[in-house]
Structure formats: C-alpha cells, structure tokens
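# Per-entry structural report
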Amino acid sequence: SAGDLVQEATKIFNDKVNILGGKNEREPTDLFKTMDDFIDAHNVFDSASLVSPFPIYNDSYGWFDPQSIYLFCARLKVGKSSFGMSLAQQMVLMPENQGAKILVLDTEMSIEEVQSRMLSSMSGVKEFYIRHKYYLRDPEMKKKIDAARAYMQPLWDKIDHLQIAGWDLDKQIAAVRRWVHRNQGKRCMVILDYF
C-alpha cells in the first residue's frame, strides 16, 4: 500500500542520512548586513500575497501572505462559514487578486448545502425554497434566482469546494497537495472550515 511504501522509504532515509552531519545545513545569516539585499530584492510577498476585501483588516493586519496560517475563531453559529465564503467570493473578483484560486475544505457541509446557502445569500430567496425547488412555483423568486446566475458566472473556475468530513489529516493534506499541483503558477489559498 502507499502507506507502507512511504513508511519504508522514510526508514531507509533515516538509516542512510545523517541529519546532524549534513553538508547542506543552513548557517546563521547576519541580520542587518544582508538587509540591503532584502530591501532591493523581489520577494514572494510581492507577487503571491492576496489582498483582503476588507480595508479595516488590511490596515490592521496586512494581506494574506504565502505559507502563512490565519485563524478566525468565534462561538458557534456567529457566521464563520459565511465569513469564509464571503471572503473567498470577494477576493477572487478583486483586480488585485487576478488569477487567484481558492479551495474551501469543509468538515460539515456538502457542496449542495453550500451552494444553496450561497445562492440564498446572492438572491435573497430563502435557502429552504432553493433546496426544495419551491422558488420555481413563484415567478418573483424565480426572477431573483435567474438574476443571481449572472452574478455567479465571473466566479467560475475560481473557488473549489471539498467536503472532508471524517477524513484523517494525511488524506486532507494529500488532497490539498493535488489541488495545489493542479493550480501551479496561480496564487492559491486554502480555507479550512473546521467547526
């Protein structure tokens, strides 16, 4: 199995490689002597950071930088999932984030549940009416849903959703790695909607 293969390869690596005596160890660097190079050099933050759609957030905390983890915590049912989806939706439409791609890992809701929630938010039609197709019976609700379709098209190929309920961490990491690999060259963000 793949797990056995990785375990065996790890054992061989650990038996053959002397980490303490390695030749390619990074050495300490003079912090201030190299600062001129840092000031003049292009860095990953220039081209890979994503701009938040919220000016207050940007003023307080800056942009979302690559290889960083940002944690938003709140009590149950205060809108963390809605905030994450709104953040993703607005960020991918911003000119500053052109070409960005976002993956939403969801431990609770299926894609259909998220879609009905998002469609309700965009159209103003209650989620229950969308899930049960009740809006088809009311011309006014149908008109609102049709209007929301036009708003959705610019979001195509920008936000992916994956329900990961019950997955162990290794399976989650493997899915994220595959997704990032498929989107090489793009600025990517992963939103983990955990609770």
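A brief structural summary. These figures come from a predicted structure and were not determined experimentally. (Residues numbered from 1 in each chain as written. Predicted model: local features only at pLDDT ≥ 70, side-chain atom pairs only at ≥ 80, totals over all residues. Heavy atoms only, no water.)

For the protein chain, the helix and strand inventory stands at nine helices and three strands. Its helices and strands in sequence order give the protein chain the pattern α-α-α-α-α-β-α-α-α-β-α-β, from N to C terminus. Taken along its principal axes, the extent of the C-alpha atoms in the protein chain is 75 × 50 × 35 Å. Expressed as a percentage of its 195 residues, the buried residues of the protein chain come to 28%. Sequence-distant contacts, at least 24 apart, represent 64% of the contacts inside the protein chain between residues at least 6 apart. Accessible surface, the protein chain: about 14800 Å² in total, of which carbon and sulfur atoms supply 56%. Mean positive and mean negative side-chain charge positions of the protein chain (25 and 26 charges, respectively) differ by 9 Å. (Helix = DSSP H or I, 4+ residues; strand = E, 2+ residues; numbered from the N terminus. Buried < 20%, exposed > 50% of the residue type's maximum accessible area, 1.4 Å probe, protein only. Contact = heavy atoms within 4.5 Å. Areas by Shrake-Rupley, 256 points an atom, 1.4 Å probe, with all protein chains shown as cover. Lys, Arg positive; Asp, Glu negative; His and termini not counted. Charge placed at Lys NZ, Arg CZ, Asp CG, Glu CD.)

Quick look at the packing of helix 5 (residues 80-93) against helix 6 (residues 111-123) now. Put simply, helix 5 and helix 6 touch, their axes get as near as 12 Å, and they point 70 degrees apart. It follows from the interaxial angle that helix 5 and helix 6 lie roughly perpendicular. Contacts between helix 5 and helix 6 involve Ser 81, Ser 82, Met 85 and Gln 89 from the first element and Val 114, Arg 117, Met 118 and Met 122 from the second. Classifying every residue of the contact of helix 5 with helix 6 by side-chain character gives four nonpolar, three polar and one charged. (Axes fitted to C-alpha atoms, helices over the stretch in contact; angles between N-to-C directions. Parallel < 35°, antiparallel > 145°, perpendicular 65-115°, else oblique. Nonpolar A, V, L, I, M, F, W, Y, C, P; charged D, E, K, R; others polar.)

So, on to the nonpolar core. Grouped burial of nonpolar side chains is what soluble globular proteins tend to show. Membership of the largest hydrophobic core comes to 17 residues, with the highest contact counts inside it found for Leu 50, Phe 64, Met 91, Ile 102, Met 189 and Ile 191. Elements with a minimum of two residues in this core: helix 5, strand 1 (101-106), helix 6 and strand 3 (188-193). Ranked by the residues each element gives to this core, the list is headed by helix 5, at five residues. Met 91 has contacts with Leu 50, Val 51, Ser 52, Pro 53, Phe 64, Asn 97, Ile 102 and Met 189, leaving out every residue within four places of it along the chain. (Core = buried A, V, L, I, M, F, W, Y, C linked by side-chain atoms within 4.5 Å.)

With that settled, the discussion passes to unusual backbone geometry. With a phi angle near 60 degrees, Lys 77 is a residue other than glycine that sits in the positive phi range. Relative to the helices and strands, Lys 77 is located in the loop between helix 4 (55-61) and helix 5. The backbone phi angle of Lys 133 is positive, close to 60 degrees, even though this residue is not glycine. Looking at where Lys 133 falls in the secondary structure, it is placed in the loop between helix 7 (127-131) and helix 8 (139-152).

A cluster of nonpolar side chains, contributed by Leu 31, Phe 32, Met 35, Phe 38 and Ile 39, occupies part of the molecular surface with about 580 Å² of accessible area. On the accessibility criterion, Phe 32 (63% relative accessible area) is exposed. (Patch = residues over 30% accessible without salt bridge, like charges linked within 9 Å, V, L, I, M, F, W, Y side chains within 5 Å. Salt bridge = Lys/Arg side-chain N within 4 Å of Asp/Glu carboxyl O.)

Moving on to the sheet that holds strand 2 (residues 159-163). Within the open sheet, the three strands sit side by side as 2-1-3. Their pairing is parallel. Both edges of this open sheet fall to strand 2 and strand 3, since each of them pairs with a single strand only. Strand-to-strand, the axes of this sheet are offset by a mean angle of 20 degrees, without reference to chain direction. The pairing of strand 1 with strand 3 spans six bridges and is parallel. When the bridges of strand 3 are listed, Leu 105 appears paired with Leu 192. (Pairing = 2+ DSSP bridges.)

We now examine the pattern of salt bridges. Counted according to the given criterion, the structure contains four salt bridges. In this structure, Lys 101 and Asp 160 form a salt bridge, with 3.6 Å as the shortest nitrogen-oxygen distance. Note that Lys 101 is positioned in strand 1 and Asp 160 in strand 2, a separation of 59 residues in sequence. Judged by its relative accessible area of 8%, Lys 101 is buried. Classification of Asp 160 by relative accessible area gives partly exposed; the value is 25%. Sharing partners across several salt bridges, the network here consists of Lys 142, Asp 146 and Arg 149.

So far we have only geometry, and geometry alone does not tell us how the molecule works.
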